[in-house]
Amino acid sequence: MFDHAQNHIFGLVDTGINVNCPERQEILQKFPVPTFRENNAIHTASFGTEVVTTVLITDCELATTSTGEPMLKMRAHDSYGSYPAQIFSQPGIDLKQIKEEIIDKYKLIEITANVSEFPRGSGNKTLQLKNLSVDTDKKRSPDAYLSYLPKCRANIEDLVVEMYLILDKIENPTYKTIAMEGLRTYWNKFVISPAARRHHHAYIHGLVEHTWGLLRLAYFLTSASNKDVVSTSSVLYARIVDFALKEIKRYKETGTESKYAYALRSIAGHMYWIIENMAKQMVKQGSREVNRDFILATVIWHDMGKIYEYTTEGKIDRDPTYGILEHRVIGPMMFQQFCKEQNIELSEKDYWHFLNILASHHGKVEWGSPTMPQTVEGWFVHLVDFLDSQLQGTND
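Residues numbered from 1 in each chain as written. Predicted model: local features only at pLDDT ≥ 70, side-chain atom pairs only at ≥ 80, totals over all residues. Heavy atoms only, no water.

A. Quick look at the state of the cysteines. Across all of its chains, the model carries 0 disulfides by this definition. The thiol of Cys-21 is unpaired, and the distance to the nearest cysteine sulfur, on Cys-152, comes to 19 Å. (Disulfide = S-S within 2.5 Å.)

Given below as structure tokens:
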């Protein structure tokens, strides 16, 4: 397994796929990964030094110090991370004017700042801004901000190649078209989109990483000859619990904090509930076998609506236009339009089954799903989505 795959779901999932394959360059020509300018000046600066660099400034607001003096506080972003920053009141400086006429208007600002540690001993960097300047004649395209937003630290090309090779194993030509052409149609937005504002994969390329994670899980868990996902999911459940118990034991013996113990507390109970519902639905349907091709196609589309739900213009946030509808609503609308434009021929049953999975993949109405999963495949997609979104946080 390549490096990022070794950390995915604690290294418990192995697809057996070689991403350094002869067709790698051909795949990356079909699905190119954009590159961004790196700016790590703040990250590499030592405490107590001065740094001159360009940053993206967000969340700027007027505030007061503990002694009641006016100040501006904000977040400064470079291509490595985000840092708290402040401008303190000085004679001849109009903080309100700086906020409204420079920071709010231009966002990409060249700064001179002192780098300090706060709180002391934390290792966290904070910036005290001394000077700001901006090229007022330079027009910014929406893509100009991408270099200053947080990004997935994995090798994205490796993820894209493994995604493609998994999808290439789809045998049904209709489902393969739905997956491959769907990805190709929306690729330029898909490849840079975050998967969230917070919580999981909330950075550039986050949607690629999250979808890759689901595809790996789905491919791995449907590899059994009888496609019995209740059995394979139960085995993975047992291995996750065993891993977490070992981490708890190690913590008790060494006193070393274990972030993986979170898996047992927060994930095991819900995972058990999902598997139980899969088993009940399997009995109801009268079959232990699932349609692997169908599942892989729905995984590609499950979060497709996020390319419109979120914006990366200035910061990762809900899009002011499309964001009023969440991806569980936008995605089905996109799929309906895609099927019309591509002349996709699905049976009425499969068409509505597909839409149900896109709408229900969060699994619970209280978690934002407008409906509940109605099939084994629906519960299974919720399972792999839940696992990747929850466990990814422990592997950041």
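B. A look at helix α14 (residues 348-360). The first and last C-alpha atoms of α14 sit 18 Å apart over 13 residues, in line with the 18 Å expected at 1.5 Å per residue. Among all positions in α14, only Tyr-351, His-353, Phe-354, Leu-355, Asn-356, Ile-357, Leu-358, Ala-359 and Ser-360 are buried. The secondary structure elements touched by the buried residues of α14 are α6 (173-185), α11 (292-301), α13 (327-342) and α15 (376-391). (Helix = DSSP H or I, 4+ residues; strand = E, 2+ residues; numbered from the N terminus. Expected span 1.5 Å × (residues − 1). Buried < 20%, exposed > 50% of the residue type's maximum accessible area, 1.4 Å probe, protein only. Contact = heavy atoms within 4.5 Å.)

C. View of the sheet that holds strand β2 (residues 70-77). Taken together, the 5 strands give a closed barrel; going around it, the order is β1-β2-β3-β5-β4, and neighbouring strands pair in mixed fashion. With strand direction ignored, the average angle separating the axes of adjacent strands in the sheet is 50°. When strand β1 (residues 50-64) meets strand β4 (residues 108-117), the two strands line up antiparallel, connected through 7 bridges. Looking across to β4, one finds that Val-51 is bridged to Ala-113. Along the sheet face, helix α4 (residues 95-106) touches β1, β2, β3 (82-88), β4 and β5 (125-133) and points at about 120° away from the line of β1. (Pairing = 2+ DSSP bridges. Axes fitted to C-alpha atoms, helices over the stretch in contact; angles between N-to-C directions.)

D. Expanded view of α15. Taking 1.5 Å per residue as the helical rise, α15 with its 16 residues ought to reach 22 Å, and the 22 Å between its terminal C-alpha atoms agrees with that figure. Burial runs high along α15: 16 of the 16 residues are buried.

E. How the structure looks around unusual backbone geometry. Going from Phe-118 to Pro-119, the amide bond is cis rather than trans, its omega being -10°. Summarising the element assignment, Pro-119 is placed in the loop between β4 and β5. Although it is not a glycine, Lys-107 adopts a positive phi angle of roughly 65°. Relative to the helices and strands, Lys-107 resides in the loop between α4 and β4. Notably, His-205 is not glycine yet its phi reads approximately 75°, a positive angle. Along the chain, His-205 falls in the loop between α7 (187-190) and α8 (206-221).

F. The arrangement of the environment of Glu-209 in detail. One can find Glu-209 in helix α8. Among the residues examined, Glu-209 registers a relative accessible area of 4% and is labelled buried. Each C-alpha atom of the pair Glu-209 and Leu-387 lies 13 Å from the other, and the pair is 178 residues apart in sequence. Leaving out residues up to four positions away in the same chain, Glu-209 has contacts with His-4, Cys-152, Leu-159, His-201, Tyr-203 and Gln-392.

G. How the structure looks around the pairing of β5. Bridge count between β3 and β5: 2 bridges; the pairing is parallel. Bridge pairing in β5 links Gln-86 to Gln-128. As paired elements, β4 and β5 share 8 bridges and run antiparallel to each other. From the neighbouring strand, Val-115 faces β5, where its bridge partner is Leu-127.

H. Expanded view of the packing of aromatic side chains. Under the definition given, this model contains 15 aromatic pairs. Relative to Tyr-164, the ring of Phe-31 lies with its centre 6.1 Å away and its plane at 55°, an arrangement referred to as tilted. Here Tyr-164 lies in helix α5 (residues 156-167) and Phe-31 lies in the loop between α2 (24-30) and α3 (41-44), a separation of 133 residues in the sequence. Its relative accessible area of 1% is what places Phe-31 among the buried residues. Ring centres of Tyr-186 and Trp-301 lie 5.9 Å apart, and the angle between their planes is 85°; this geometry places the pair in the edge-to-face category. With a gap of 115 residues between them, Tyr-186 in the loop between α6 and α7 and Trp-301 in helix α11 connect regions that are remote in the sequence. (Phe/Tyr/Trp six-rings, centres within 6.5 Å; stacked < 30°, edge-to-face > 60°.)

I. Region of the structure containing a nonpolar patch on the surface. On the surface, a nonpolar cluster with roughly 380 Å² of combined accessible area is contributed by Ile-324, Leu-325, Val-329 and Met-333. By the element assignment, Leu-325 lies in the loop between β7 (317-318) and α13. Under the relative-accessibility criterion, Leu-325 is labelled partly exposed at 37%. (Patch = residues over 30% accessible without salt bridge, like charges linked within 9 Å, V, L, I, M, F, W, Y side chains within 5 Å. Areas by Shrake-Rupley, 256 points an atom, 1.4 Å probe, with all protein chains shown as cover. Salt bridge = Lys/Arg side-chain N within 4 Å of Asp/Glu carboxyl O.)

J. Quick look at the pattern of salt bridges. As enumerated under the stated definition, the model contains 16 salt bridges in all. Notably, a salt bridge pairs Arg-24 with Asp-158, separated by 3.0 Å at the nearest N-O pair. A residue pair is termed long-range when its members are at least 10 positions apart, and Arg-24 in helix α2 and Asp-158 in helix α5 qualify at 134 residues. Taking the relative accessible area as the measure of exposure, Arg-24 reaches 12% and is therefore buried. Between Asp-104 and Lys-99 there is a salt bridge, and its shortest N-O distance comes to 2.7 Å. Judged by relative accessible area, Asp-104 falls into the partly exposed class, the value being 33%. Where salt bridges share partners, they join Asp-59, Arg-197, Lys-315 and Asp-317 into one cluster.

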